[in-house]
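# Notes for the structure review
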Amino acid sequence: MASYITKSPWIIHYDGSSCNGCDIEVLACLTPMYDVERFGIINTGNPKHADIFLVTGSVNEQNIPVVKQIYDQMPNPKVVVAIGICATSGGIFRECYNIVGGVDQVVPVDVFVPGCAARPEAIIDGVVKGLGVLAEKQAALAKGVRDAEVPGAYKYEEAAEETAEAAAEEIAEEAPEAAAEKAAEERKEEEAV
């Protein structure tokens, strides 16, 4: 009969190049309103104690070593959760000269949480999904599987598609109005000349 001791999962949060919107929502998860600690999740500042790595913001050339160092210092098994559109794909900063892209360009990501900014409910859901991935990785380690790709990397593809579709619809609705305003401004400029 094997006995084992389980511990509450600890998270470490790192903000890459972001607007801090997702960071505020991560902090909101710790407030009494959302109370992520009810799941036994504790926020730590030491990667050597962390099980789950929460990353917000895109990755740029200067923070690549920091992200890799935090990831490497975490004990195995570990889970990475990319929070917000910047962490998942580079977001609005994607075309900047120094932006590499999302976190998955630097370290393997297990859970993607879309949104700009990601809502606390979505962040908590992503962390809970990460707990499932962590349990699978722990089971694989217990069986002696090393560095194996463990199934269970959850991606919020449907939610990301819905977000993209909603944004495209909003842009399509605003496009005729913007074109009409631009044409009116051009006419006023021509008349003024």
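Residues numbered from 1 in each chain as written. Predicted model: local features only at pLDDT ≥ 70, side-chain atom pairs only at ≥ 80, totals over all residues. Heavy atoms only, no water.

### Details of the packing of aromatic side chains
The test is simple: Any two rings among Phe, Tyr and Trp, with Trp reduced to its six-membered ring, count as a pair given centres within 6.5 Å; such a pair is stacked if its planes are under 30 degrees apart, edge-to-face if over 60, and tilted if neither. The rule for a charge over a ring is simple: NZ of Lys or CZ of Arg within 6 Å of the ring centre, and within 35 degrees of the ring normal.
Scanning the model with the defined rule gives zero aromatic pairs in all. For the cation-ring pair, Lys-78 lies above Tyr-71, with the distance from its terminal atom to the ring centre recorded as 4.1 Å.

### Quick notes on the environment of Asn-43
Quick note on the threshold: Runs of H or I in DSSP of at least four residues are treated as helices and runs of E of at least two as strands, each being numbered from the N terminus. Any pair of residues with heavy atoms lying within 4.5 Å of one another is described as a contacting pair.
Within the element layout of this structure, Asn-43 appears in strand E2 (residues 42–43). On a C-alpha basis, the gap between Asn-43 and His-13 in space is 7.8 Å, while along the polypeptide they are 30 residues apart. When sequence neighbours within four positions are dropped, the list of residues in contact with Asn-43 reads Ile-11, Ile-12, His-13 and Leu-30.

### Structural notes on a negative patch on the surface
As a reminder, the rule being used: Two joining distances apply to patches: 9 Å for like charges and 5 Å for nonpolar side chains (Val, Leu, Ile, Met, Phe, Trp, Tyr), and every residue must have over 30% relative accessible area and no salt bridge. Note that accessible areas follow from Shrake-Rupley with a 1.4 Å probe, and for residues the cover is restricted to the protein chains shown. When a carboxyl oxygen of Asp or Glu is within 4 Å of a side-chain nitrogen of Lys or Arg, the pair counts as a salt bridge. Counted charges follow a simple rule, with Lys and Arg positive, Asp and Glu negative, and His plus the chain ends left uncounted. Charged groups are reduced to one reference atom each: NZ for lysine, CZ for arginine, CG for aspartic acid, CD for glutamic acid. Residue exposure (1.4 Å probe, protein chains only): buried if accessible area is under 20% of the type maximum, exposed if over 50%, otherwise partly exposed.
A cluster of like negative charges, contributed by Glu-181, Glu-185, Glu-186, Glu-189, Glu-190 and Glu-191, occupies part of the molecular surface. Mapped onto the elements of the fold, Glu-186 is located in helix H5 (residues 157–192). By relative accessible area, Glu-186 is classed as partly exposed at 38%.

### A short note on the pairing of strand E1 (residues 10–15)
Note the following rule: A strand pair is defined by DSSP finding two or more bridges across the two strands. Looking down the strands as they point away from you, a crossover is right-handed if its path from the first strand over the helix to the second goes clockwise.
Pairing of E1 with E2 involves two bridges; the strand directions are parallel. Pairing of Trp-10 across the sheet is with Ile-42, part of E2. For the handedness criterion, the β-α-β arrangement of E1, helix H1 (residues 21–29) and E2 is classed as right-handed. Where E1 meets strand E3 (residues 52–56), five bridges bridge the pair, whose relative direction is parallel. By the bridge assignment, Ile-11 is partnered in E3 with Ile-52.

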